[in-house]
Amino acid sequence: MLENLSQRLSKVVKTLRGEARLTEANTQEMLREIRVALLEADVALPVVRDLVARIKEKALGQEVVGSLTPGQALVGVVHRELTAIMGGQAAELDLSVRPPAIVLMAGLQGAGKTTTVGKLAKWLKENKKKKVLTVSCDVYRPAAIEQLRTVTGQAGADFFPSTADQKPVDIANAALQWARTHYHDVLLVDTAGRLAIDEQMMREIAELHRQLQPSETLFVVDAMQGQDAVNTAKAFREVLPLTGVVLTKLDGDSRGGAALSVKAVTGAPIKFAGVGEKLTGLEAFHPERMANRILG
Ligand code: GDP
């Protein structure tokens, strides 16, 4: 992940050996390296500018304290700023409503939405001891409904069946009723995706949101799409009040641009990362741990 950034940083750290402190002159080269590495990682341009400006400001303000060399101080500054741009603190799922808490999932087709519903069902059951019901409002792809049934079974959660001739809002309301009467803690609502942003899909998910008033609206997006992922998230954010993002396929993403840009561009924090195809491949997202990973 962002190998170039850690490589470029260690190169800079070496050249800083022998310097007493970070100065305008010796910081210049390092900022250039960081800028290039972030651009190579497909981080959104305004985010790159902002990050580099903040790193510069903080780095120049640093006196070398105690045993810290200028290089170590610099790495510390970069670590703190990477963490901050990803939201600083880990953002948890908010399920503190009268049950059932509703989690509405949005995203393009192929982003990993249905898989993520299965993963979340398992995560909620095992880590939070929740009784979970899932439902699919994807009336356009019967295979998607079947796929959800399968992953829900694997997760050991309950599945509310739906059929292609029903209306998404009716399905969701029926599932909600069922969840209420069967004492489920959480209702996970999978929705229809499209290959690209499309007005009807947006209207449909906005309507589901209005009807359900979910406590969480999670946007699922493929990290490997880099800046495209961030732009799609931004478009959804304009229509839906997203409460968080699930960044999938982080296991296959060697660049890390989406992870670094999503929060800054959309305002919605990354709450989970998908790190594999299996249902165990879901991690709560921690900005600081991600920064550790990025810096190697
Ligand atoms: P949907 O159309 O958004 O519901 O997407 P799916 O859940 O059907 O996922 C599309 C493909 O992405 C499937 O082959 C999944 O196995 C794969 N996938 C989903 N999440 C991850 C992940 O975190 N890592 C990897 N490597 N593959 C994933």
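What counts and what doesn't
Residues numbered from 1 in each chain as written. Predicted model: local features only at pLDDT ≥ 70, side-chain atom pairs only at ≥ 80, totals over all residues. Heavy atoms only, no water. UniProt positions renumbered as here; feature names shortened; annotations may be inferred. Helix = DSSP H or I, 4+ residues; strand = E, 2+ residues; numbered from the N terminus. Buried < 20%, exposed > 50% of the residue type's maximum accessible area, 1.4 Å probe, protein only. Contact = heavy atoms within 4.5 Å. Areas by Shrake-Rupley, 256 points an atom, 1.4 Å probe, with all protein chains shown as cover. Polar contact = N/O pair within 3.5 Å; in protein donor to acceptor, adjacent residues only side chain to side chain. Pairing = 2+ DSSP bridges. Right-handed = clockwise from strand over helix to strand, strands pointing away. Near = heavy atom within 4 Å. Nonpolar A, V, L, I, M, F, W, Y, C, P; charged D, E, K, R; others polar. Expected span 1.5 Å × (residues − 1). pLDDT = per-residue confidence, 0-100. Core = buried A, V, L, I, M, F, W, Y, C linked by side-chain atoms within 4.5 Å. Axes fitted to C-alpha atoms, helices over the stretch in contact; angles between N-to-C directions. Parallel < 35°, antiparallel > 145°, perpendicular 65-115°, else oblique. Left-handed = near helix turned anticlockwise from the far one by under 90°.

- As named in an unreviewed UniProt entry, the chain is Signal recognition particle protein, taken from Zeimonas arvi.
- The annotation that UniProt attaches to the chain under Catalytic activity (unreviewed entry) is "GTP + H2O = GDP + phosphate + H(+)".
- According to the UniProt record, the Subcellular location (unreviewed entry) comment for the chain reads "Cytoplasm".

1. Considerations on the overall build of the chain
(1) Moving on: Helix and strand content of the chain: 11 helices and eight strands.
(2) Moving on: Taking all 296 residues of the chain together, the buried fraction comes to 52%.
(3) Moving on: For the chain, the share of sequence-separated contacts (at least 6 apart) that also reach a separation of at least 24 residues comes to 79%.
(4) Moving on: Carbon together with sulfur atoms contributes 49% to the accessible area of the chain, which is approximately 13400 Å² in total.

2. Focus on the environment of Thr-134
(1) Moving on: By the secondary structure assignment, Thr-134 is in strand β2 (residues 132-136).
(2) Moving on: Residue classification places Thr-134 among the buried positions, given a relative accessible area of 0%.
(3) Moving on: It is 26 Å that separates the C-alpha atoms of Thr-134 and His-286, two residues lying 152 residues apart in sequence.
(4) Moving on: At a separation of 2.8 Å, a polar atom in the side chain of Thr-134 contacts the side chain of Thr-152.

3. Describing the pairing of strand β5 (residues 216-222)
(1) Moving on: When you tally the buried positions in β5, you get seven out of seven residues, the bulk of the element.
(2) Moving on: Burial along β5 is two-sided: the face carrying Glu-216, Leu-218, Val-220 and Asp-222 and the face carrying Thr-217, Phe-219 and Val-221 are both buried.
(3) Moving on: Where strand β1 (residues 101-106) and β5 come together, four bridges link them in parallel fashion. Bridging across to β5, Met-105 finds its partner in Leu-218.
(4) Moving on: As paired strands, β5 and strand β6 (residues 244-248) are joined by five bridges and run parallel to one another. By the bridge assignment for β6, Phe-219 is matched with Val-245.
(5) Moving on: Handedness of the crossover is the feature at issue here: the chain leaves β5, passes through helix α9 (residues 227-239), returns alongside β6, and the resulting connection is right-handed.

4. Topic: the site of the ligand
(1) Moving on: By nearness alone, 17 residues border the ligand, and Gly-110, Lys-113, Thr-115, Asp-251 and Glu-277 come closest of all.
(2) Moving on: For the ligand, an oxygen atom lies 2.7 Å from a polar atom in the backbone of Lys-113.
(3) Moving on: Contact with the protein chains covers 80% of the free accessible surface of the ligand, which is 580 Å².
(4) Moving on: Broken down by element, the residue count for the shell around the ligand peaks at four residues, all from helix α5 (residues 113-128).
(5) Moving on: Tallied by class, residues from the shell around the ligand come to three nonpolar, eight polar and six charged.

5. Quick notes on helix α8 (residues 199-212)
(1) Moving on: Here α8 contains 14 residues, and its C-alpha end-to-end distance of 20 Å stays within 8% of the 20 Å for a straight helix at 1.5 Å per residue.
(2) Moving on: Taken together, the buried positions of α8 are Met-201, Met-202, Glu-204, Ile-205, Ala-206, Leu-208, His-209 and Leu-212.
(3) Moving on: In this structure Asp-198 caps α8, since a side-chain oxygen of it lies 2.9 Å from the backbone nitrogen of Gln-200.
(4) Moving on: Note on α8: the residue one or two positions beyond its end, Gln-213, has a positive phi of about 45 degrees.

6. Describing the UniProt feature "domain: SRP54-type proteins GTP-binding" (unreviewed entry) in the chain
(1) Moving on: Per the UniProt record, "domain: SRP54-type proteins GTP-binding" (unreviewed entry) is annotated on residues 269-282.
(2) Moving on: In residues 269-282, the share of helix is 0% and the share of strand is 43%. The end C-alpha atoms are 16 Å apart.

7. Considerations on the confidence of the model for the chain
(1) Moving on: Counting all residues, the mean pLDDT for the chain is 91, and 97% of those residues have values of 70 or more.
(2) Moving on: On the interface metric, ipTM, the complex scores 0.99, and its pTM is 0.93.

8. Things to note about the nonpolar core
(1) Moving on: One finds Leu-5, Leu-38, Leu-82, Met-86 and Phe-236 to be the most contacted residues of the largest nonpolar core, which totals 71 residues.
(2) Moving on: For Phe-236, the residues in contact, after removing those within four places along its chain, are Ala-106, Gly-107, Leu-108, Ile-197, Met-201, Met-202, Phe-219 and Leu-242.
(3) Moving on: Ranked by size, the runner-up nonpolar core spans 26 residues in total, among them Val-117, Ala-121, Trp-123 and Ala-157.

9. Points about the environment of Lys-113
(1) Moving on: For Lys-113, the position within the fold is in helix α5.
(2) Moving on: Apart from residues no more than four positions distant in its own chain, Lys-113 is found in contact with Met-105, Ala-106, Gly-107, Leu-108, Asp-190, Thr-191, Ala-192, Gly-193 and Val-220.
(3) Moving on: At 2.7 Å, the side chain of Lys-113 forms a polar contact with the backbone oxygen of Thr-191.

10. Comments concerning the packing of α8 against α9
(1) Moving on: Packing of α8 against α9 brings their axes to within 10 Å, and their N-to-C directions diverge by 50 degrees. As far as their axial angle goes, α9 and α8 are oblique. In terms of crossing hand, the pair formed by α8 and α9 is right-handed. Here α8 contributes Met-201, Met-202 and Ala-206 to the contact with α9, which in turn contributes Ala-235, Phe-236 and Val-239.

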